[in-house]
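A structural walkthrough
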Amino acid sequence: MRAAALAAVLLLAASYLVFGAWWQGQNASDTSPGPLKTGDTAGPELTGRATPTTPVDTTVAEALHAALIGKGPKEQRRIFLDRSLAGTAPVPYYEPLARHLIELLLGKERGALWYYSFSCLVSMGQPVAPLFESQVDSEDGDARRLALAVLIALRREGVAVSLPPMLDLIEDADAYVRQLAWGLLYRGVPYEDALAQRMLGHMQRNPAPGQWSAGTALAQMGPKGVALLLGELKAADARRRLAAARSIGQAPLDEIRAVFAELMLAMEDPAPDVREWAIRALSRFEGDCAACLPALLKTAQESDFGIVQASLRILGEMGPAAEAAVPLLLERLQDDDPRLVSQAAGVLGAIHARAAVVLPALAALVREDTSDAAARAIGAFGPEGWEYAVALLHDDDEDVRYSGLTAFQAMGASAAPIVPELLPLIRGDDHSMALRAIETAGAIGPGAKGAIPAILERLAWGEEDLPVKVAGPALVRLGPAAEGPLRQALRSSDHQTRSQAVRVVAFFLGRAQFAFPELETLLTDKDATVRLHAVYAAGAVLQQPVDLAVRLAAPRTAPGAHLELAVRKRLRSLLERAREDEDETVRRQSEAYLRTLDAT
């Protein structure tokens, strides 16, 4: 899919110079527009056929158009498109905006501005489709490419558009047209017998493994397409059976459920690769596969790594329903392949059963090779694993003690009673244990608020950058209780404390506004780095998460569009002060945030 998308973008960029030729090829009658050249203004007749029959609210489109026709520098328009246009909900059809976007596509500007103009035009949906539908048969190959690219982009957005038969497109002499058609096939097209047979023949001739293939197209065509793939599962050629098994796994989930019996049979195929991909297809059930258990208990004991790995993954997704697999998983803990040992340990934690025999085995594995997977599995048992996690934390071996913290991390909020034991570790000389203890406090959440002072003390040590990157997320997870102590750290007379604290504030996203008074003061700090990080913390407010109700009520969903007026004023005042800073980096960053604020 990524390759197809890249090819489409390259195609659009290559087609921009010939866009004018397309319009010049329009029927030159009294009711059709004449040739449109670079610099011309697209007249009303150009978009008249695309006018919606029902009124729409064009407020957003009008605002976009007003910004685009401004006399600001190109960079300002690019940032506007990047921050606002690209992050906006579908833009309503608005004739002046559509005409201006066409002018941009015809113009000399390239790069992001061109691409976002195209995206905005596509986002208008059905009303712009007639502008391009008449060009799919154009004798100008480049114009036809562009028309097909637009129509396929509309089709991918769920817009009903008129396209030539897919069989014609995938057999087109133009390689770019074929590439676009294949990209559409992967998104699913209605079943057509001739097209499906063409895909089947292509798959039979080219059964080499590949995520995107003719088999993928068949899998997206519904029950009839999947039925053709089931026929391939019975082929004598193992490569064809493999291609079919891989493709069925990419069908919609309902189609995979409908062929469950056939997939179970494929799990007994003589070819290991076919068995593996049949199991992978069953993994699409996301654990809702109790009927698979007997077969998985067999495949999980095979010697083929891919088959065992796929089987264990499904058993883990099944959770407690896979309790019958515990004995064989305990055997897998002794496997020679460390990858399967780690996976088996994780599955035992996910199943969370037979603690009396599983927990001692996991603890022994931790002590044997300090397995993080086994430690996390102990933590997954919650209170049942407490005794074993404590024993690990008090072990004589430093690596085992480290794994004990890993176990408590996996317990989450239920590990709150261990917080007093974390404090000396956070304040201790062992750097690695201190960081892991901070992470553990963050994983516990608000119940570990008693660790906040110790974490802030550790930051004041002025160690390398890593403590900030660990402490920041941890303090966020500790909840609002961290805000007061953090504000106190921002007011500290110690330069190092202020420097580290202001960097941590930036992790709080929209909640960073709690520190606005301190950030305003820090903008006058003698250290340019402190001032810069104060700007970063203020800019984090622009990324404030928005709940669904706010998002639905807001006309736009670009960063900062949801901010309350009082917050916007406070943020603007802070950034405007920073824009006057003597340090160029501070000025540039504050200006960038102000442009984002202006665009919303």
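Residues numbered from 1 in each chain as written. Predicted model: local features only at pLDDT ≥ 70, side-chain atom pairs only at ≥ 80, totals over all residues. Heavy atoms only, no water.

A few points about the overall build of the protein
The number of helices and strands found in the protein is 37 helices and 0 strands. Here the protein holds 600 residues, and the buried ones make up 51% of them. As presented, the protein carries roughly 26900 Å² of accessible surface, and 52% of it is formed by carbon and sulfur atoms. (Helix = DSSP H or I, 4+ residues; strand = E, 2+ residues; numbered from the N terminus. Buried < 20%, exposed > 50% of the residue type's maximum accessible area, 1.4 Å probe, protein only. Areas by Shrake-Rupley, 256 points an atom, 1.4 Å probe, with all protein chains shown as cover.)

Regarding helix α12 (residues 193–205)
Taking 1.5 Å per residue as the helical rise, α12 with its 13 residues ought to reach 18 Å, and the 18 Å between its terminal C-alpha atoms agrees with that figure. The set of residues buried in α12 consists of Leu 195, Ala 196, Met 199, Leu 200, Gly 201 and Met 203. (Expected span 1.5 Å × (residues − 1).)

Some thoughts on the nonpolar core
Counting residues in hydrophobic clusters, the biggest one holds 182 residues, and the most contacted among them are Met 124, Leu 185, Met 199, Leu 315 and Leu 362. Residues within four places of Leu 315 in sequence aside, it is in contact with Leu 293, Leu 296, Ala 300, Ala 322, Ala 325, Val 347 and Ile 351. (Core = buried A, V, L, I, M, F, W, Y, C linked by side-chain atoms within 4.5 Å. Contact = heavy atoms within 4.5 Å.)

Focus on unusual backbone geometry
Not every positive phi belongs to a glycine, and His 352 is a case in point at roughly 55°. Inspection of the secondary structure assignment puts His 352 in the loop between α22 (338–351) and α23 (355–369). Owing to a relative accessible area of 33%, His 352 belongs among the partly exposed residues under this scheme. For Arg 354, which is not a glycine, the phi torsion comes out positive at approximately 55°. Checked against the element boundaries, Arg 354 lands in the loop between α22 and α23.

Thoughts on the packing of helix α25 (residues 386–393) against helix α26 (residues 398–411)
At their nearest, the axes of α25 and α26 sit 7 Å apart, and the two run at 145° to each other. Crossing geometry of α25 relative to α26 is assigned as left-handed. Counting all contacts with α25, which are made through Trp 386, Ala 389, Val 390, Leu 392 and Leu 393, the residues of α26 involved are Val 400, Arg 401, Gly 404, Leu 405, Ala 407, Phe 408 and Met 411. Looking at the contact of α25 with α26 residue by residue, the class counts come to 10 nonpolar, 1 polar and 1 charged. (Axes fitted to C-alpha atoms, helices over the stretch in contact; angles between N-to-C directions. Left-handed = near helix turned anticlockwise from the far one by under 90°. Nonpolar A, V, L, I, M, F, W, Y, C, P; charged D, E, K, R; others polar.)

Comments concerning the packing of aromatic side chains
Aromatic ring pairs are reported here in terms of the distance separating the ring centres and the angle at which the planes meet. For the structure on display, the rule yields 4 aromatic pairs. A centroid spacing of 6.1 Å and a plane angle of 25° characterise the contact between Phe 260 and Phe 285, whose relative ring orientation is stacked. Residue Phe 260 is found in helix α17 (residues 260–266), and its partner Phe 285 is found in the loop between α18 (272–282) and α19 (293–299); the two are separated by 25 residues along the sequence. By relative accessible area, Phe 260 is classed as partly exposed at 21%. Residues Trp 386 and Phe 408 carry aromatic rings whose centres are separated by 5.1 Å and whose planes lie at 75° to one another, so their mutual orientation is edge-to-face. A residue pair is termed long-range when its members are at least 10 positions apart, and Trp 386 in helix α25 and Phe 408 in helix α26 qualify at 22 residues. According to the relative accessible area criterion, Trp 386 is partly exposed, its value standing at 25%. What makes Phe 408 buried here is its relative accessible area of 0%. Here Arg 280 stacks its cationic end above the ring of Trp 277, 4.4 Å away from the centre of that ring. (Phe/Tyr/Trp six-rings, centres within 6.5 Å; stacked < 30°, edge-to-face > 60°. Lys NZ or Arg CZ within 6 Å of the ring centre and 35° of its normal.)

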